[in-house]
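The residues making up each chain are set out below.
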Amino acid sequence: MAISEEESKKIKEHLLGQLSQFPEDKREQITKEINSMTNEQIENFVKENNLTHLGENECIFCSIVSGQNPSYKIAEDNKNLAILELNPLSKGHTLIVPKDHSQEIDKKSNFVEIVQKKLEERLGTKEFQKNNLKIMDHQILELIPIYGNEKERHPATKKELEEIQEEILRQQIVPSELDGSMPSAPEKIIQKLKPRIP
Ligand SMILES: [Zn+2]
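Basis of the calculations
- Residues numbered from 1 in each chain as written.
- Predicted model: local features only at pLDDT ≥ 70, side-chain atom pairs only at ≥ 80, totals over all residues.
- Helix = DSSP H or I, 4+ residues; strand = E, 2+ residues; numbered from the N terminus.
- Expected span 1.5 Å × (residues − 1).
- Buried ≥ 20, exposed ≤ 12 C-beta atoms within 10 Å, placed from the backbone.
- Arc of directions from axis to C-beta.
- Contact = placed C-beta atoms within 7 Å.
- Core = buried A, V, L, I, M, F, W, Y, C linked by C-beta atoms within 7 Å.
- Domains from an automatic or database assignment.
- Axes fitted to C-alpha atoms, helices over the stretch in contact; angles between N-to-C directions.
- Parallel < 35°, antiparallel > 145°, perpendicular 65-115°, else oblique.
- Pairing = 2+ DSSP bridges.

## Structural notes on helix H5 (residues 111-123)
Every α-helical turn comprises 3.6 residues, leaving residues that sit three or four positions apart pointing alike.
Okay, so step 1: With 13 residues, H5 ought to run about 18 Å at 1.5 Å a step, and its terminal C-alpha atoms sit 18 Å apart, in line with that.
Okay, so step 2: Taken together, the buried positions of H5 are occupied by Phe-111, Val-112, Val-115 and Leu-119. Looking straight down H5, one finds that the buried residues subtend no more than 105° of arc, so they occupy a single side. For H5, the exposed residues lying more than 90 degrees away from the buried face are Glu-113, Lys-117 and Glu-121.
Okay, so step 3: For H5, the elements touching its buried residues are strand E1 (73-76), strand E2 (80-84), strand E3 (94-98), strand E5 (138-146) and helix H6 (158-169).
Okay, so step 4: Just downstream of H5 lies Gly-124, where phi reads positive at about 75°.

So, in structure tokens, the structure goes:
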């Protein structure tokens, strides 16, 4: 497969996003090596290594959708996934990824609106720049929050991404949803259960 400049950039970003899997004293060296790789080297790297779990015809976004590669998920429905960009232009820079590789973003679906609303509520975003991208043949919608003070694009640290993810996802669970997946609110469960105990 021949990869484009944009694909090569995405693969680099993706690899940099996996740095936490390497020992801390090796990360700086690995970052330098990844950043200095040419398109051809990236291409060979993807072919020869199993690091990204990419099969012959598999794309990075499909491997994120299938959970083989980690991502910072902020929303999901049965057709789409919303993940944080690893190399954000602004806080909450998000990629909307259809789960089906050949699927276009469903214009009738309100998923994009839901994600936008969430970013507005949680991060105070008022405006978005939206870009339709096609990376490794996978259709992506990029949502870039505009705050009016954008800085240079920079690779976000794991901590930054985790904090933004937490901010966006916090208090999503309403106490009535008693499905056992609420480790963060044990008091609420107890309060909710009490009246049922005679
Ligand atoms: Zn794909």
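And the narrative resumes.
## Brief notes about the nonpolar core
Okay, so step 1: Grouped together as the largest cluster of nonpolar side chains are 30 residues, with contacts concentrated most on Phe-61, Ile-83, Ile-96, Val-97 and Val-115.
Okay, so step 2: Looking at this core, the elements with two or more residues in it are helix H1 (5-16), helix H4 (60-65), E2, E3, H5, strand E4 (127-135), E5 and H6.
Okay, so step 3: Tallying contributions element by element places H4 first for this core, with 5 residues.
Okay, so step 4: Both domains that furnish three or more residues to this core are identified here as domain 1 (1-52) and domain 2 (63-198).
Okay, so step 5: Beyond its immediate sequence surroundings of up to four residues, Val-97 is in contact with Phe-61, Ile-64, Val-65, Asn-80, Leu-81, Ile-83 and Ile-140.

## A look at H1
Okay, so step 1: In this model, H1 (12 residues) spans 16 Å end to end at C-alpha, consistent with the 16 Å of a helix rising 1.5 Å per residue.
Okay, so step 2: Within H1, burial applies to Glu-7, Lys-10, Ile-11, Lys-12, His-14 and Leu-15.

## Observations concerning the packing of H1 against helix H2 (residues 24-35)
Okay, so step 1: At a minimum axis distance of 10 Å, the contact between H1 and H2 shows a crossing angle of 175°. Taken together, the axis directions place H1 and H2 in an arrangement best described as roughly antiparallel. Contacts between H1 and H2 pair Lys-12, Leu-15 and Leu-16 from the former with Thr-31, Ile-34 and Asn-35 from the latter.

## Things to note about the pairing of E3
Okay, so step 1: Extensive coverage of E3 is indicated by the burial of 5 of its 5 residues.
Okay, so step 2: Side chains of E3 alternate between two faces, with Thr-94, Ile-96 and Pro-98 and Leu-95 and Val-97 buried alike.
Okay, so step 3: Pairing of E2 with E3, which is carried by 5 bridges, proceeds in the antiparallel orientation. Bridging from a neighbouring strand, Ile-83 pairs with Leu-95 of E3.
Okay, so step 4: In this structure, E3 lies alongside E5, joined through 3 bridges in antiparallel fashion. The partner of Thr-94 across the bridge, within E5, is Leu-143.

## What to know about the environment of Glu-85
Okay, so step 1: Locating Glu-85 in the fold gives a position in the loop between E2 and E3.
Okay, so step 2: For Glu-85 and Lys-10, which are 75 residues apart along the polypeptide, the C-alpha to C-alpha distance reads 9.8 Å.
Okay, so step 3: The contacts of Glu-85, once residues within four sequence positions are left out, are His-93, Thr-94 and Leu-95.

## Some remarks on unusual backbone geometry
It is generally the case that most residues other than glycine have a negative phi and that most peptide bonds are trans.
Okay, so step 1: The backbone phi angle of Met-136 is positive, close to 50°, even though this residue is not glycine.
Okay, so step 2: One can find Met-136 in the loop between E4 and E5.
Okay, so step 3: Of note, Asp-137 is a non-glycine position whose phi angle comes to about 75°, a positive value.
Okay, so step 4: Position of Asp-137 relative to the elements: it lies in the loop between E4 and E5.

Remember that the coordinates give geometry; whether it matters functionally is a separate question.
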